[in-house]
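Residue-level structure breakdown
Spelled out from the first residue to the last, the chains are:
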Amino acid sequence: MESLIQNKPRQRSLFLDQIKAIMIALVIASHTVLLASLSSNGVGQLIKDAPLFEGVNLWFVWVSNTFFMNILFLISGYLLPESVQKQGLKHFAKNRLIRLGLPLIFSIILINNILPIGGLLVPDSPAFGQNIINLPLNRIGPQWFLVVLILFNALYCIWVGLRKTKFSVHQTTPVPGWRSWLISAVILGLAEMEMSHFSNVWINLKETNLDGLGYQGMHLFTYGFLFAVGCKAASHRWIERINQRLAYSWFQASMLISLTLLAIMVATILVGNNSHFLQQAWPILSALIPFVGWGYIAMFLTWTQQHEHIGGAWLAKAGRDSFGAYLIHMPILYGCFMPLYLSGVTNIWVLSLSATISAIVLSFWGSHQLRNIPSIRRII
């Protein structure tokens with residue numbers, strides 16, 4: 001009887017979809033200032049003239065970057081083995097290539113070209129007055145996520161095909177303890193620091209069609225590790241069995257580091273020495289990404305499981321719309337902050353917050369409307 005219960009197909013968990021909705025909302029929020037500074041000279045100047053805002057935003061982006069894409073790769077890996085088992089390897093590979101490949105191609109050719117081409121018509125844009133052949137067209141932008149996910153899925157399919165093993169659940173295998181996670185955080189932290197500060201590969205990619213990888217490529221080892229852990233965890237239901245005490249303790253450590261960093265950044269900004277501090281501290285901050293991220297990831301996975309009722313079905317539905325929201329959020333975000341700026345909103349705090357909230361709502365709403373179309377729903 002115990003064996004039958006353990007190998008029973010897992011029902012779709014609300015908390016995993018809820019987490020995806022929250023993470024994509026944070027992704028959109030983290031892109032606001034970056035997109036604004038790259039797309040509008042005026043907004044870029046507003047940001048430079050508000051060092052406290054710039055510092056707080058940098059802190060927010062760093063903290064978010066320790067966990068939001070990491071947890072999405074973990075969840076992707078966690079859901080993968082059972083999906084392959086249900087569909088069959090060949091059928092799954094074909095469907096996954098369509099579901100990831102078509103949005104990638106569509107985004108590169110159309111969605112990601114909207115902003116640079118549209119900038120030709122906006123005097124405030126760096127692209128204004130340029131020849132169209134000089135524009136950064138057909139770049140992967142935020143769709144780097146799809147490129148990496150296709151690679152990870154392909155590697156898993158090859159591994160399954162070579163081993164010819166069937167997915168099964170064995171809950172007797174214990175969840176890795178704090179020593180295993182600490183060792184992984186140290187090793188991956190050193191890799192993050194090496195790839196971020198002692199390699200020009202990713203910096204050079206930012207000026208190519210693979211620009212998105214230039215911003216995120218230094219985290220590939222961490223993403224790959226968590227995707228693999230997710231695949232392994234699916235066979236033992238580790239996510240449902242996380243040690244709550246360890247999760248809360250690690251989260252507290254992550255919060256302490258994050259708030260300490262915020263306090264130091266604010267202090268250095270007030271004395272006008274922020275750039276020097278960041279230059280000296282950035283290698284250390286890169287090395288801390290896995291350690292800090294593990295605490296936030298553990299907390300999200302633990303807390304949402306215990307409080308699925310708070311977000312409820314509506315947040316889970318938003319999670320199922322999150323992939324589409326991710327695909328379309330950049331032009332929507334631009335369409336939110338530019339009208340506000342051009343209408344006279346020059347307080348960067350108000351402008352950023354208003355544009356972010358509007359873009360999150362409209363991106364999820366737009367994705368939901370697209371998913372009402374059957375042909376599109378099969379893809380996103």
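See the structure shown above.
Now for a description of the structure that goes with this document. (Residues numbered from 1 in each chain as written. Predicted model: local features only at pLDDT ≥ 70, side-chain atom pairs only at ≥ 80, totals over all residues. Heavy atoms only, no water.)

1. Regarding the packing of helix α2 (residues 14-39) against helix α13 (residues 274-306)
The packing of two helices is summarised by the inter-axis angle and the distance between the axes. For clarity, the threshold we go by: Axes here mean lines fitted to C-alpha atoms, for a helix over just the part in contact, with angles spanning 0 to 180 degrees between N-to-C directions. Secondary structure elements are defined from DSSP: runs of H or I of at least 4 residues count as helices, runs of E of at least 2 residues count as strands, and each element is numbered from the N terminus. Working rule for angles: under 35 degrees goes down as roughly parallel, over 145 as roughly antiparallel, 65 to 115 as roughly perpendicular, anything else as oblique. Two helices cross in a left-handed way if the nearer one is turned anticlockwise from the farther one by less than a right angle. They cross in a right-handed way if the turn is clockwise. Contacts: residue pairs with any heavy atoms within 4.5 Å of one another. Amino acid classes used here: Ala, Val, Leu, Ile, Met, Phe, Trp, Tyr, Cys and Pro are nonpolar; Asp, Glu, Lys and Arg are charged; the rest, including Gly, are polar.
At a minimum axis separation of 9 Å, α2 and α13 run at an interaxial angle of 125°. Overall, the two elements α2 and α13 adopt an arrangement that is oblique. For the element pair α2 and α13, the recorded crossing hand is right-handed. Listed contacts from α13 to Phe 15, Gln 18, Ile 19, Ile 22 and Met 23 of α2 are Phe 300, Leu 301, Thr 304 and Gln 305. Here the residues of the contact of α2 with α13 are counted per class, giving six nonpolar, three polar and no charged.

2. Brief notes about empty space enclosed by the protein
Where we set the bar: Every definition here rests on a 1 Å grid over the protein atoms only: cavities are sets of points where a 1.4 Å probe fits but cannot get out, pockets are open sets enclosed by protein on both sides within 12 Å along at least five of seven lines, and lining residues have some atom within 4 Å of a point. Grid points are joined across faces, edges and corners, and a volume is the space filled by probe spheres set on the points.
Following the criterion strictly, the structure yields one cavity of 30 Å³ or more and no others. Looking at the largest cavity, its volume works out to about 50 Å³. Looking at the largest cavity, the residues that line it are Thr 32, Val 33, Ala 36, Val 43, Ile 47, Phe 53, Phe 337, Ile 348, Leu 351 and Ser 352. Mapped onto the lining of the largest cavity, the elements with two or more residues apiece are α2, α3 (41-48) and α16 (348-371). Classifying every residue of the lining of the largest cavity by side-chain character gives eight nonpolar, two polar and no charged.

3. Overview of the nonpolar core
To keep things clear, this is the line we draw: For our purposes a nonpolar core is just a set of buried Ala, Val, Leu, Ile, Met, Phe, Trp, Tyr and Cys residues, chained together by side-chain atoms within 4.5 Å. A simple rule labels every residue: compare its accessible area, found with a 1.4 Å probe on the protein chains alone, to the largest value its type can have, and call it buried under 20%, exposed over 50%, or partly exposed in between.
Counting residues in hydrophobic clusters, the biggest one holds 100 residues, and the most contacted among them are Phe 73, Trp 144 and Phe 337. Considering each element in turn, this core owes the most residues, 13 residues, to α2. In contact with Phe 337, not counting residues within four places along its chain, are Leu 35, Ala 36, Ser 39, Ser 40, Val 43, Leu 351 and Ala 355.

4. Digging into the state of the cysteines
Condition: The disulfide criterion used throughout: a pair of cysteine sulfur atoms within 2.5 Å.
If you walk through the whole model with that rule in mind, you get zero disulfides. Cysteine Cys 157 is unpaired, with the sulfur of Cys 231 as its nearest cysteine sulfur at 9.6 Å. A residue is classified by how much of its surface remains accessible, and Cys 157, at 12% relative accessible area, is buried. Look at Cys 231 and you get buried, because its relative accessible area is 11%.

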